[in-house]
Amino acid sequence: MNTRIYHSGLPITPENRAYLERPRVHRLLADAMRSPLVVISAGAGYGKTQATYSFLQQYDAATTWVQLSERDNLGARFWENFARTIMLYDRHFAERLLEVGFPETEDQFMSYLSIPEDEIPFNEKNVIVFDDFHLLENESVLRFIRRSIRLPFPNLTMILISRAEPDVDIVGMLSKGLVVSVSEDDLRFTAEETAQYFQLLSVPLVAREIANIHNDTAGWAFAISLIGLSLKKAPSQEREARAAMKLNIFKMIEDEVFLVASERLRRFLIRLSLIDHLSTDLIPLLAEDRNLVDEMKKISAFIRYDLYTQAYLIHHLFLDYLRQKQDILTEGERRDTYLKAARWCDANDYKMDAISYYEKAGEYEPIIDIVYHLPLQIPVDPARFILGIYDGGPRELLENLVRYHIQHTRLLLSLGRYAEVAAEIDGRVKKYSALPVSDFNDRVLCGAYSALGFAGYLDSPRTGRYDFDLALAKADEYYRRSPYSQFGAVTSVSLDAWASKVGTARPGAMEEYIAALERAIPHMENILNGCMAGLDDLAKGELQFYKGRLTLAEKFITQALYRAEARKQYEVRNRALFYLLRVGAAQGSYEKTREIFRQLEAQLEFTEYAPRFTTFEIAAGWYYAVIGQSQDVATWLKGNFAQGALGSFNASFGNVTRARYYYASRRYGELLSFIQSEQDLSGVLFAKLEMKILEASCRYHLKQKDAALAALAEAYELALSNELTMPFIELGKDMRALTAAAARDGNCAIPRPWLETVGRKAATYAKRLAIVASEYKKANNISDGVQLSAKELAILSDLYRGVSRSQIAANRHLPVNTVKMMQNSVYMKLGADNPADVIRIALSRNLIEAGS
């Protein structure tokens, strides 16, 4: 692309050529493009942005230019800005980014990394520019960029443009030569470039005058440009121009730029300084006069059109100058600017900016409408931001808006501030119950009781109270009296890994919880547009699964699946399919697991279900880990655990799979560290039980026998009152070995019959799972690669010749139990279920010779 083409709608003038036509800087940037990171750091007015922009116009790369502002210190706003900018280049990838959401936590960042490679548009050379990086202070946003610059994309270069050294911790990258820094000294005009600039302006200066200007400005591009503007008007006043520049840079802006403009343009420019979005669509709406926009374009040294963001950008120093003039605007001008900007942002899905501008315009009903359509559980970052707006807003106005009441409580719930929820609702119920009956009051009370019931449900693992249905019944009573939707389409209420919210092993607690849930769900469905349909059946099936009653579990879970599908409750559907996958594995049915897996994949087509890729990868990852295909577990699930997440929605679900992956990968020490860090948290009983069982087996693998048996005894006590056995059984041969060790130990307090029963069932589970694993390999043409030890091969040969177990033990001088365990190992490795199976499979794989 020709360097003289700035944009068809913006004329190239000698003033901005000072920034554009700088071959020396362009050569420097061209060399820098070989590195994954370029840091351009210099003060205001050094031409950082202009030099980079003009270079990229002629550089052969797909460029995404992210213009940052102070508003990007809100993670959700940064993500909207980042994704919408990407959308100008690749709509599909941008939509995937919006689906994933801002990766605030470790889990979310790993989920972001798990976007399939064929969906990431970095096959050709790509450049991502983050301009005004110095405005970022939010640690979550900075952490995202710090980690992103280290991603191994060979065709990607990131450019950070900043007035200060970016806080991105690049020492390691610098030592490896992976970073190129461009400094103020690199961007300063040389004496030769200064002379060339004034030649472009057709300003006749002698060498001494040029040298004086260069010395006074120290090559500062902005100052040179202002002196150029002044000398074009009065070419003989070089000394006066330099003196004015030294005296007051803002005064020069005023004299040479601002006062030259018409009164209408001046006020318009000051209005633009109120907002960050200067889109080509929004500018005409604000101007209401095309001639005013055309006049603005003529200030091309200080306002430019950015081809990458399709927006106008005002030079920082000029913007600072305009902001000092904002007090001359009338309240009507301010409000009109904010309101038009808010409506444009709202229509273009910049929701966080829309909320901010609506607040400045004093318009709260549109904010209520935006929040109405947010997920039921609002992410922490935007929840805190919106709550601040509500708490700082006009109380009298807000309290006359029905949805404000429930939304304020929703925000507190999303932040986990349950005590404040209870206090707020108590006051609201007392106030509105005492008022005369009206639709408004009924709707406020409906929202209050809905929130109270939902808070009780969420907090029940800690409180041990299962009466949340009472508040929901009361909410339903008000709803039926005065129907009014207080939520948008509730299709993906986040669940954690378990349908159960029981945190205690107390006898009868499970049944009390399920009964309360069974009473509550019809009210939830009615008030919240089908919310949580099927969750009560899922909880019933879950309990039966943990008891090892697979047929009954399957019945309830299938009912949950159908009910969830009917009301588009995708989270319930996902968890139901996850349990059915575990049932199929326990039954040794590859056909069943394959069908369930297909249904999980089908859910990826439900675009209204935002976390569908995350929840699919979690369920699929568990399956891959237990059938010996850990290499197929999503990359983000192989990383660090999400801390403090045993009872916190999808994070806890991810940790279930991550734990199984760590265990299958024999990373016992790391898994133990996580379990120990979480053990004091008040969580769900099933979470505590599964982690305690994994702890016991990890310690046994690490030769910590006494600690392993102690952990097993603790797990037994947690499971005893509810007869929970399946989490033990799902460890297969490892649990068989652990229960056998416990049975041999004279100090073990666990009843021997229980140990024998669980050990036997675990051995059966291992054989059945081996069948599923074997069939999976066949169906997917995966090479078996089975490795039998010399002793296992010898025992396999004896089995083929019909030698009994006791005779093998005698002939080979081994204990009978050792022979039995080695036989079981052969069965598991070959996916065999009985002696006939093992011989057939061994012959087919040439592990033994027929007739030998």
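The rules we used
Residues numbered from 1 in each chain as written. Predicted model: local features only at pLDDT ≥ 70, side-chain atom pairs only at ≥ 80, totals over all residues. Heavy atoms only, no water. Helix = DSSP H or I, 4+ residues; strand = E, 2+ residues; numbered from the N terminus. Buried < 20%, exposed > 50% of the residue type's maximum accessible area, 1.4 Å probe, protein only. Contact = heavy atoms within 4.5 Å. Areas by Shrake-Rupley, 256 points an atom, 1.4 Å probe, with all protein chains shown as cover. Expected span 1.5 Å × (residues − 1). Pairing = 2+ DSSP bridges. Axes fitted to C-alpha atoms, helices over the stretch in contact; angles between N-to-C directions. Salt bridge = Lys/Arg side-chain N within 4 Å of Asp/Glu carboxyl O. Phe/Tyr/Trp six-rings, centres within 6.5 Å; stacked < 30°, edge-to-face > 60°. Polar contact = N/O pair within 3.5 Å; in protein donor to acceptor, adjacent residues only side chain to side chain. Parallel < 35°, antiparallel > 145°, perpendicular 65-115°, else oblique. Left-handed = near helix turned anticlockwise from the far one by under 90°.

A. Main features of the overall build of the protein. If you tally the helices and strands in the protein, you get 44 helices and seven strands. Counting across all 852 residues of the protein, residues that qualify as buried make up 58%. Excluding contacts between residues fewer than 6 apart, the proportion of contacts in the protein whose partners are at least 24 apart in sequence is 70%. Put simply, the protein shows about 34800 Å² of open surface, and 50% of that area lies on carbon and sulfur atoms.

B. A look at helix α29 (residues 535–546). The terminal C-alpha atoms of α29 lie 16 Å apart, and with twelve residues this matches the ideal 16 Å at 1.5 Å per residue to within 8%. Taken across its twelve residues, α29 has twelve buried, putting it largely inside the fold. Taken as a whole, α29 has its buried residues at L535, D536, D537, L538, A539, K540, G541, E542, L543, Q544, F545 and Y546. Packing partners of the buried residues in α29 comprise α26 (439–463), α28 (509–527), α30 (550–566), α31 (570–587), α36 (685–701) and α38 (726–729).

C. Geometry of helix α24 (residues 402–414). Spanning 13 residues, α24 covers 19 Å between terminal C-alpha atoms, matching the ideal 18 Å at 1.5 Å per step. Among the 13 residues in α24, 13 count as buried, and that is most of the element.

D. Unusual backbone geometry, seen in detail. The phi torsion at N529 lies on the positive side, around 55°, for a residue other than glycine. Residues other than glycine seldom take positive phi values, yet K703 does so here, at roughly 65°. Mapping K703 onto the fold places it in the loop between α36 and α37 (705–720). Classification of K703 by relative accessible area gives exposed; the value is 75%.

E. The arrangement of the pairing of strand β1 (residues 37–41) in detail. With five of its five residues buried, β1 lies for the most part within the structure. Covered by surrounding structure in β1 are L37, V39 and S41 together with V38 and I40, the residues of both alternating faces. As defined by bridge partners, β1 adjoins strand β5 (residues 179–182) across four bridges and the pair is classed as parallel. Of the residues in β5, the one forming a bridge with L37 is V179.

F. Broad picture of the sheet that holds β1. The sheet built from five strands is open, its strands ordered β2-β3-β4-β1-β5 with parallel pairing. In this open sheet, the two strands that pair with only one neighbour each are β2 (62–67) and β5. Adjacent strand axes in the sheet meet at a mean angle of 15°, parallel and antiparallel pairs treated alike.

G. The arrangement of the environment of F222 in detail. Positionally, F222 belongs in helix α12 (residues 221–233). On the basis of relative accessible area, F222 is assigned to the buried category, the value being 0%. Each C-alpha atom, one on F222 and one on G45, is 4.6 Å from the other, the two residues being 177 residues apart in sequence.

H. Expanded view of the pattern of salt bridges. Counting across every chain of the model gives 57 salt bridges. The partner of R91 in a salt bridge is E95, with the nearest N and O atoms 3.2 Å apart. Of this pair, R91 and E95 both sit in helix α5 (residues 91–100), four residues apart, roughly one helical turn. Counted as one network, the salt bridges with shared partners bring together E518, E525, D536, D537, K540, R563 and R567.

I. Up close: the packing of aromatic side chains. As enumerated under the stated definition, the model contains 41 aromatic pairs in all. Here F78 and F144 contribute two aromatic rings whose centre-to-centre distance is 5.9 Å and whose plane-to-plane angle is 65°, an arrangement assigned as edge-to-face. Here F78, found in helix α4 (residues 75–87), pairs with F144, found in helix α7 (residues 139–148); they are 66 residues apart in sequence, far enough to count as distant. The residues F78 and F144 share a single accessibility class, namely buried.

J. Structural context of the side chain of K340. By secondary structure assignment, the location of K340 is in helix α19 (residues 331–347). Residue class for K340 comes out buried when judged on its relative accessible area of 16%. A polar atom in the side chain of K340 sits 3.3 Å from the backbone oxygen of L285. Polar side-chain contacts of K340 include one of 2.5 Å to the side chain of E288.

K. Highlighting the packing of α30 against α31. Packing of α30 against α31 brings their axes to within 9 Å, and their N-to-C directions diverge by 155°. Classified by the angle their axes make, α30 and α31 are roughly antiparallel. At the point where α30 passes α31, the crossing takes the left-handed sense. Here L550, E554, I557, T558, A560, L561, A564 and E565 of α30 come into contact with α31, specifically with V572, R573, A576, L577, Y579, L580, V583, A586 and Q587.

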